[in-house]
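The primary structure of each chain is shown beneath.
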Amino acid sequence: MTELRSDTFTKPTKEMLAFMFAAKVGDDVWDEDLTVKALEKRIALLFGMEAALFCPSGTMANQIAIKVHTQPGDEVICDYSSHIYQYEAGGIAFNSSASVNLLQGTNGKITVDLVQSALKEENIHFSKQSLVSVENTTNKGGGACYDLIELQSLSTFCKSKSLAFHMDGARLYNAMVKTNTKPADYGAIFDSISVCMSKGLGAPIGSLLLGNNAFIAQAKRIRKVLGGGMRQAGYLAAACDYALDTNIDLLQHDHRRAKVIETALKSLDYAIEVLPVETNIVIFSLADPTSFVAFLKEQNILCSAISASQIRFVTHLQFTDQMLEVLVKALLVWK
Ligand SMILES: *Cc1c(COP(=O)(O)O)cnc(C)c1O
């Protein structure tokens, strides 16, 4: 089977598994897992942020950040298509009793003007606006990335309005490869950042949440209350170390292959709208997603319908050039 439903489907390679098995572990809830400690320190140094926390998932990392940055009744400002709003099971309400102010951004990206227009004056009728969250790359937005300068303006604006600024960086490494930026560029402008190791980087489990010491101290308590304190998690942290060592350089190939899919789709009449491909996600609209998914499945290719009119392909390190060739041929055959 050729897997294009998500970059979360990658399986650890033999080399990654060997690296995991060799990890020194301890009880991380007791702060005694040296591999987890080292990974948290490594990522904090990379981003130039004070501290980091190893979390079981990107969802938990985002939800912890929202919980720390808000009080019940506060408002989180984000794009309407954000993962934190669309795909985290109502967690903003469930975990933080917070409300949302949804912006109509472009391909999942928001601007200072949009945030400005959502701001309310200080008045007891209104919820307190405490957090702005951006996604980079955008998932529903087709893997679009922010220019660093756009994020810097948002950061300056948030600071001037005393709003916390969070980045859901589930695919931040894809964005860094695409825009030739480095972790410290982001560490300098965000109050908190979540990064997934289990997407394009190919680790089986794990996300890191970054922030200052006070933020991470609070985050650690929230992680515990959510049941995310893990014991001998060093085996998982080792997979993340391996992913950071070896897989960042492979992301460019995922992007190249996604571009090939985009080019093929653009030449085909049935693909009504193809979102601009910047990284490893290809989203396009067509008349009948259900039968398209079924057609590709017959050719042993899996993709997903993400709405009544849209298909999504996500490339990753276990999607090869050979599979790409077969996919492109199949795309040409459909209607
Ligand atoms: C995948 C993803 C997450 C977190 O996903 P988990 O499956 O919980 O690790 C968060 N944000 C975005 C944009 C994502 O694509």
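First, a word on scope: everything that follows refers to the structure included in this document. (Residues numbered from 1 in each chain as written. Predicted model: local features only at pLDDT ≥ 70, side-chain atom pairs only at ≥ 80, totals over all residues. Heavy atoms only, no water.)

Membership of the largest hydrophobic core comes to 51 residues, with the highest contact counts inside it found for Phe 47, Phe 54, Tyr 173, Ile 193 and Met 197. Of all the elements, helix 11 (residues 234-246) adds the most residues to this core, at seven residues. In this structure Met 197 touches Ile 43, Tyr 173, Gly 202, Ala 203, Gly 206, Ser 207, Leu 208, Cys 240 and Leu 244, once residues within four positions along its chain are discounted. In this structure, Leu 4, Leu 265, Ile 301 and Leu 327 belong to the second largest nonpolar core, which totals 27 residues. (Core = buried A, V, L, I, M, F, W, Y, C linked by side-chain atoms within 4.5 Å. Buried < 20%, exposed > 50% of the residue type's maximum accessible area, 1.4 Å probe, protein only. Helix = DSSP H or I, 4+ residues; strand = E, 2+ residues; numbered from the N terminus. Contact = heavy atoms within 4.5 Å.)

Spanning 13 residues, helix 10 (residues 213-225) covers 19 Å between terminal C-alpha atoms, matching the ideal 18 Å at 1.5 Å per step. What helix 10 keeps buried is the set Phe 215, Ile 216, Ala 219, Ile 222 and Arg 223. The buried residues of helix 10 occupy an angular sector of 115° when the element is viewed end-on, so they sit on one face. More than 90 degrees from the buried face of helix 10, the exposed residues found are Ala 214, Ala 217, Arg 221 and Val 225. Of the surrounding elements, those touching the buried residues of helix 10 are helix 2 (34-47), strand 2 (51-55), helix 3 (58-69), strand 7 (192-196) and strand 8 (207-211). The backbone nitrogen of Ala 214 lies 3.3 Å from a side-chain oxygen of the residue at the head of helix 10, namely Asn 212. Gly 227, located one to two residues past helix 10, shows a positive phi value of around 85°. (Expected span 1.5 Å × (residues − 1). Arc of directions from axis to C-beta. Polar contact = N/O pair within 3.5 Å; in protein donor to acceptor, adjacent residues only side chain to side chain.)

With that settled, consider the site of the ligand. Looking at the ligand, there are 13 residues lining it, with Gly 58, Thr 59, Asp 168, Arg 171 and Lys 199 nearest. Between the ligand and Gly 58 there is a distance of 2.8 Å, counted from an oxygen atom to a backbone nitrogen or oxygen. With respect to the ligand, the side chain of Asp 168 contributes an N or O atom lying 2.6 Å from a nitrogen atom. The fraction of the free accessible surface of the ligand (380 Å²) that becomes covered by protein chains is 85%. (Near = heavy atom within 4 Å. Areas by Shrake-Rupley, 256 points an atom, 1.4 Å probe, with all protein chains shown as cover.)

Along the chain, Ala 118 falls in helix 6 (residues 112-118). The exposure class assigned to Ala 118 is buried, which follows from its relative accessible area of 11%. Sequence-wise, Ala 118 and Ile 306 are 188 residues apart; in three dimensions their C-alpha atoms are separated by 28 Å. Excluding anything up to four places from it in sequence, Ala 118 contacts Asn 101, Leu 103 and Gln 129.

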